[in-house]
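Each chain is listed here by its residues.
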Amino acid sequence: MNPRIFYNNLCIQGTLSATDTASGHSVYNVADWRPYTRWKAANASGTKYISLTLGSAKKANCFIIMGHNLSGCEITLQYHNGTAWVNLTTITSPTNNDDIIYNFSSSSNGETRTQFRIAIEYISEAPEIGILFIGEYLEMPYPPDAPYPRYESKVQMKSEISQSGNLLGRVYKYEMIKMNSTFSNLDRTWVNNNIYPYYNNHAKYGYPFFFAFDLNVFTKDIFLCNLVDDYTFAPSIKYLGYYESISFQLEGRSK
Amino acid sequence: MSYNNYLSAVTRQPIYLVEMIMDKCPYTFGEAPCTAVGTKCYNTFYTCKNKVNYSRSTKTYKFISSEVNIPFVGVLPYVKRVNYIPAEIKEDKTIPARCTITMIDDTHSDLDVDPYWTDRGHTNVLSVPGTYWRRFIARNKNFKGRRIIIKQGFNGLPENEFQKRTEMRIENITYNGNEAIIEAADLLTALQDISYPLKTNIKIMSDMPKILFAGEEDNLINMDGKIGDYARVNIFQDFIGLSAAAYNSPGGDLVTGTYDFWVFAYDIANRAYAKRNFSVYVNNENSENSVRFDWGGLGYLIEIRIFTNVGATSYISVDPAPGYYIFTFDNVWHNIPNYPYNAEIYYKLTSFSSTGQSVWTEAHEAFESEVSDASTLDSSGYILIDKEIIQFGGKSGNVLNGLIRDTANSERHTINTPIFILYYYSNANPFNILVDMLHKAKIDDDNIDDSFEEYANEWEGIDFNISAIATETNLAVIFFNLVNSLDAKVWQSEESKIKIRLNNDIPAAVKNVSDATEIVDNSVKIDCNDKNRYTRVTLYYNKYDMKASITEANSYRNVTRAINADAESEKGYNEVKDKIYYSLWLNSQYGVADYVDTLLYNRMRKLSNMPIKIEFETELKDEDIMLGDFITITTNEITDENGNGYVNKNAQIIMREPNDNKIKFTAEIINNDE
């Protein structure tokens, strides 16, 4: 699988509603790209739905959930065909407390509709969701130039030793993830139609997005990240309808 | 894992949880009782469109350390940094703690903050104008004095197991680039906010006359007054018609001997204006066993008080109505009676004669004054009007009665003059007085440690009192003056309780701190603390001039000094260093002299051999050592005269400063030869 960027979240573009909501945990919290602001259901009974209604039909072929307590739940992305709700893709959330869960449509191109929803079943406590992404992924035409690191991990820690040389303790502060990749010889038309909209409508404003290098091989390597603060977007045009290269410097938090 | 498990683990991720408790109106915009219309408010006072119906409730905003992934819902990861200026427990006061919390700002969606988000026409959660802290400051301008609580926890710990590490009052919020900096100070700073004389909105509702001092009745004719003024004559009238003689009474049991009496007449204003003295010989052989007093009518008489040198120090109060009283044996035998020395006969200037001479008429009515609102005044106390100190003995509705005017400094006061309240306390248990002062500073019982009540219940020492203070001061000065007079220390603990400990009450150590397992490498500093060593201690007490400054030595009746002659000698320190204290709370109460002697003796012992201060750091695992705790120290950084390092040396923590993954402590060594 080639690298994928998930930025065009339909949840921001439509009206959201939920089966029920606990006070102080609006359903719109799922659309603000912040895993720490959450929708939370009012109770733990029944099937919970978060529904999205768009002004015009748009395409969705995947969903991602980050920041949740849905361990063991079954989550289904559905669309409305005008008559009934139809399942698009289903996943059972693993019980290993992974922060991010995702799934993609079994059909190659997803569905273009005005109404989507996720259904959450087999809940054991009032469900919470920090980020809900429903939309279409942007897949790069091929992997980045090799060699490339999956990601760099930088851990901040502080240790103290005693007057006698004993280790007194260590404080773990945080882990930062960095991902650098370069894509050479991209088709100019493809770049103009896909990368420029991604950059101009989303990335250059500092909005986060999900990024994954290869989910077939590295199934857990999907990160919420953003372009680094001093990023320079400078695709260099080449002859014969190509771009010489485009580089991405991303940083994000560990899961 | 529990909090303590995380604390003692080799590697863990600490988290700050900061809670800000701000005002919030509980009503819904436009729904009764709120009658506001138009653009909706934000349920804060400064955005309220219907302030007359605004009700003050609270809302807690929660923030955690910015580095962590969110461990639980309802918190925002905005806490970038927490810096402490720690409290310091000093010899005669406590420097309150302060801190600054740096918060990251963010283009927050305003969801769950704006109670009417969906009604404001927002179409995109990413496009709400402004940032979190800019909006916060604009909506909560009255943040000063609101509470902020800092808790400590670890990643993986449930929210309800986070430990409170301080509770403070917000003093200021500044904004710098994309950070908001919150400045806060501990609860004891609230004492500094109350200044005496206390300004009020209370006003007198009528003119008050001047009280002149005539001395003798003959001087009245020369007094320069206006109609309505009073003049005081301090010569007692003779208690006409009063007689006393030995008597045979069925209840009498006086033995043979001479009994001296001072009998006073009191008027409705509780003033003594007439008296007569008696010496009565009682002879048991004549069947005499008591003394009988008889009296006729005396104008203005409301009460008779009999003082005797063989009776109680207080008087015997007698109702004049029966016309007689029989004095028998009183079980309570004390010393010299404390009877009134000066009469209080007032004359009122009622008119001027045709020749311009003032006409004064004897007046016994009680002085009283109506004020605009007496509800916030104590039931009795002292007030300041213009520059005159006036004592009031009671109040009835808005009328202050039983006024005692300061005749030496009396002035006329015009209607609508504001009054100031003076701080005053009559004899009481000192620990209860301290709690009362904390309550005045709006520190409620949730933030007051049980140590105050425990000491109050155990206290067998003298009562403390303070005369009305008319010099400018604040409640913190008065508070710590009492703490000092008790030879105690007061501080705010990490659990946000105000605690007290008497200096001679040394508990068991909570922990041993050693080079091997607690003290961080290269973190030790020693201060021999010579600047706080003294050769003598002086205490001024029994203050009589309440308008003089607290440190004006001549405004005190008593001074006592303890001297360490060895320290002052040529072979000692060869110098005189005097530590001077001024006590507002030690006056003429029973037992004060012995108390002062003991106080100065203990102080001299300590100050002549000032304890060493040792500063050291520990790792986070030892953060359970709190301010004020007693510990033992084992270190080679300081030795005895033989070169041996300290082993299990007793010390008290007088300063505690958390700093990221370490805590810096300053401890005061307790000298065993004190």
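Residues numbered from 1 in each chain as written. Chains lettered and ligands numbered in written order. Predicted model: local features only at pLDDT ≥ 70, side-chain atom pairs only at ≥ 80, totals over all residues. Heavy atoms only, no water.

This brings us to the overall build of chain B. Counting its regular elements, chain B contains seven helices and 43 strands. Radius of gyration (C-alpha) of chain B: 33 Å, far over the 26 Å computed for a compact globule of 674 residues. Principal axes of the C-alpha set define a box for chain B whose edges measure 95 × 80 × 50 Å. Counting only residues that meet the buried cut, chain B has 52% of its 674 residues in that class. Once local pairs closer than 6 in sequence are excluded, the contacts in chain B between residues at least 24 apart make up 69%. (Helix = DSSP H or I, 4+ residues; strand = E, 2+ residues; numbered from the N terminus. Rg over C-alpha atoms; globule rule 2.2 N^0.38 Å. Buried < 20%, exposed > 50% of the residue type's maximum accessible area, 1.4 Å probe, protein only. Contact = heavy atoms within 4.5 Å.)

The subject of this paragraph is the sheet that holds strand 29 (residues 399-401) of chain B. Residue and element names in this part refer to chain B. Across the sheet, which stays open at both edges, the three strands sit in the order 25-29-28 with antiparallel pairing between neighbours. Since the sheet does not close on itself, it has two edges, and those belong to strand 25 (368-370) and strand 28 (394-396), each with one partner. Between one strand axis and the next, the sheet turns through 25° on average, direction left out of account. (Pairing = 2+ DSSP bridges. Axes fitted to C-alpha atoms, helices over the stretch in contact; angles between N-to-C directions.)

Moving on, we come to the nonpolar core. Residue and element names in this part refer to chain B. Within the largest apolar cluster, 65 residues are counted, with the highest numbers of intra-cluster contacts made by M20, F63, I101, M103, W133 and F616. Examining the composition of this core, we find that six residues originate from one element, strand 2 (residues 14-24), more than from any other. Setting aside residues no more than four positions away along its own chain, F616 makes contact with V513, I519, S523, V524, I631, I633, I653, I663, K664, F665 and A667. L438, W459, Y540 and L584 belong to the second-largest nonpolar core, a separate cluster that totals 59 residues. (Core = buried A, V, L, I, M, F, W, Y, C linked by side-chain atoms within 4.5 Å.)

Note: α-helices contain 3.6 residues per turn, so residues at a spacing of three or four share the same orientation. All names here are of chain A. Look at helix 1 (residues 188-201): 19 Å from first C-alpha to last across 14 residues, which is about the 20 Å you get at 1.5 Å a residue. The largest bend in helix 1 comes to about 30°, at I195, with the proline P197 one to four residues further on. For helix 1, the set of buried residues is W190, V191, I195, Y198 and Y199. Contact partners of the buried residues in helix 1: strand 1 (4-6), strand 11 (138-139), strand 13 (167-187), strand 14 (209-212), strand 15 (222-227) and strand 17 (242-253). (Expected span 1.5 Å × (residues − 1). Bend = angle between axes of the 7 residues up to and from the residue.)

Take the sheet that holds strand 37 (residues 536-543) of chain B next. Residues and elements named next belong to chain B. On the basis of which strands lie adjacent, the open sheet formed by three strands has the order 38-37-39 and mixed pairing. Looking at strand neighbours, the two that pair on one side only are strand 38 (556-563) and strand 39 (578-582), the edges of this open sheet. Strand-to-strand twist in this sheet, taken as the mean axis angle between neighbours without regard to direction, amounts to 15°. Examined bridge by bridge, strand 37 and strand 38 share seven bridges and lie antiparallel to one another. Residue T538 lies in a different strand from strand 38, and its bridge partner there is R561.

Let us now look at the packing of helix 3 (residues 430-440) of chain B against helix 5 (residues 475-485) of chain B. Residue and element names in this part refer to chain B. Put simply, helix 3 and helix 5 touch, their axes get as near as 10 Å, and they point 160° apart. Here helix 3 lies roughly antiparallel to helix 5, going by the angle between them. Considering only the axes of helix 3 and helix 5, their crossing is left-handed. Note on element contacts: helix 5 touches helix 3 through L475, I478, F479, L482 and V483, opposite P430, I433, L434, M437, L438 and K440. For the contact of helix 3 with helix 5, a count of residues per class yields 10 nonpolar, no polar and one charged. (Parallel < 35°, antiparallel > 145°, perpendicular 65-115°, else oblique. Left-handed = near helix turned anticlockwise from the far one by under 90°. Nonpolar A, V, L, I, M, F, W, Y, C, P; charged D, E, K, R; others polar.)

One simple way to see leftover space: roll a probe sized like a water molecule over the atoms. All names here are of chain B. Space inside the second largest pocket adds up to approximately 1,100 Å³. Contributing elements (two or more residues each) for the lining of the second largest pocket: strand 27 (388-392), strand 30 (418-428), strand 31 (464-469) and strand 37. Of the residues that constitute the lining of the second largest pocket, the class distribution is 18 nonpolar, 12 polar and 10 charged. (1 Å grid on protein atoms, 1.4 Å probe; cavity = no way out; pocket = protein on both sides within 12 Å on 5 of 7 lines; lining within 4 Å. Points joined across faces, edges and corners; volume = space filled by probe spheres on them.)

All names here are of chain B. Mean pLDDT over chain B works out to 91, with 97% of the residues at or above the 70 mark. In this model residues 331-336 is a low-confidence stretch, pLDDT under 50, and it forms 11 contacts with partners more than four residues away in sequence or in other chains. Prediction confidence for the complex, expressed as pTM and ipTM, is 0.82 and 0.83 respectively. (pLDDT = per-residue confidence, 0-100.)

We now examine empty space enclosed by the protein. All names here are of chain B. The tally for this structure, following the rule as stated, stands at four cavities of 30 Å³ or more. In terms of lining residues, the largest cavity is bounded by 14 residues, among which A97, R165, T166, Q492 and E494 are the most central. Every element with two or more residues in the lining of the largest cavity is listed here: strand 9 (163-176) and strand 42 (645-659). With three residues, strand 9 is the largest single contributor of residues to the lining of the largest cavity. The residue makeup of the lining of the largest cavity, split by class, is seven nonpolar, three polar and four charged.

Looking now at the packing of aromatic side chains. Summed over all chains, the structure comprises 51 aromatic pairs over all chains. Ring centres 6.0 Å apart and planes at 70° place the aromatic pair F183(A) and F248(A) in the edge-to-face group. With a gap of 65 residues between them, F183(A) in strand 13 and F248(A) in strand 17 connect regions that are remote in the sequence. By the burial criterion, F183(A) is buried, and F248(A) matches it. Between F63(B) and Y132(B), the aromatic rings sit 5.9 Å apart at their centres with planes inclined by 85°, giving edge-to-face as the arrangement. Of this pair, F63(B) sits in strand 3 (residues 57-65) while Y132(B) sits in helix 2 (residues 132-139), and the two are 69 residues apart along the sequence. (Phe/Tyr/Trp six-rings, centres within 6.5 Å; stacked < 30°, edge-to-face > 60°.)

Residues and elements named next belong to chain B. Along helix 4 (residues 451-458), the residues that are buried comprise S451, F452, Y455 and A456. For helix 4, the buried positions fall inside an angular range of 135° around the axis, keeping them on one side. Of the exposed residues in helix 4, the ones pointing more than 90 degrees away from its buried face are E453, N457 and E458. Buried residues in helix 4 make contact with helix 3, strand 33 (488-492) and strand 34 (498-502). (Arc of directions from axis to C-beta.)

This part covers a nonpolar patch on the surface. Taken together, I161(A), L167(A) and V10(B) make up a surface patch of nonpolar side chains, about 260 Å² in accessible area. Examined against the element boundaries, I161(A) turns out to sit in strand 12 (residues 152-161). Exposure remark for I161(A): the relative accessible area of 41% places this residue in the partly exposed category. (Patch = residues over 30% accessible without salt bridge, like charges linked within 9 Å, V, L, I, M, F, W, Y side chains within 5 Å. Areas by Shrake-Rupley, 256 points an atom, 1.4 Å probe, with all protein chains shown as cover. Salt bridge = Lys/Arg side-chain N within 4 Å of Asp/Glu carboxyl O.)

This brings us to the pairing of strand 6 (residues 74-80) of chain A. Residue and element names in this part refer to chain A. Burial analysis of strand 6 places six of its seven residues in the buried class, the great majority of the element. When strand 6 meets strand 7 (residues 85-92), the two strands line up antiparallel, connected through seven bridges. Each bridged residue has a counterpart across the sheet, and for L77 the counterpart in strand 7 is T89. Here strand 6 folds back onto strand 7, and the loop between the two strands holds four residues, one of which, G82, carries a positive phi near 105°. Note that strand 6 and strand 9 (residues 111-121) share six bridges and pair antiparallel. Looking across to strand 9, one finds that Y79 is bridged to F116.

Time to look at the pattern of salt bridges. Between side chains of opposite charge, a pair can form when the charged atoms approach closely. Summed over all chains, the structure comprises 53 salt bridges over all chains. Note that K158(A) is salt-bridged to D660(B), the shortest N-O span being 2.6 Å. In this pair, K158(A) sits in strand 12 while D660(B) sits in the loop between strand 42 and strand 43 (662-669), so the two residues belong to two different chains. Of the residues examined, K158(A) reaches a relative accessible area of 36% and is grouped as partly exposed. Notably, a salt bridge pairs D193(B) with R169(B), separated by 2.4 Å at the nearest N-O pair. Of this pair, D193(B) sits in the loop between strand 10 (179-186) and strand 11 (195-196) while R169(B) sits in strand 9, placing them 24 residues apart in sequence. Residue R169(B) is classed as buried on the basis of its relative accessible area of 13%. Several salt bridges converge on common partners, so that one network encompasses E91(B), D487(B), R603(B), K606(B) and E668(B).

Our focus in this paragraph is the environment of D449(B). All names here are of chain B. Relative to the helices and strands, D449 resides in the loop between helix 3 and helix 4. Each C-alpha atom of the pair D449 and I500 lies 7.8 Å from the other, and the pair is 51 residues apart in sequence. D449 has contacts with K497, I498 and K499, leaving out every residue within four places of it along the chain.

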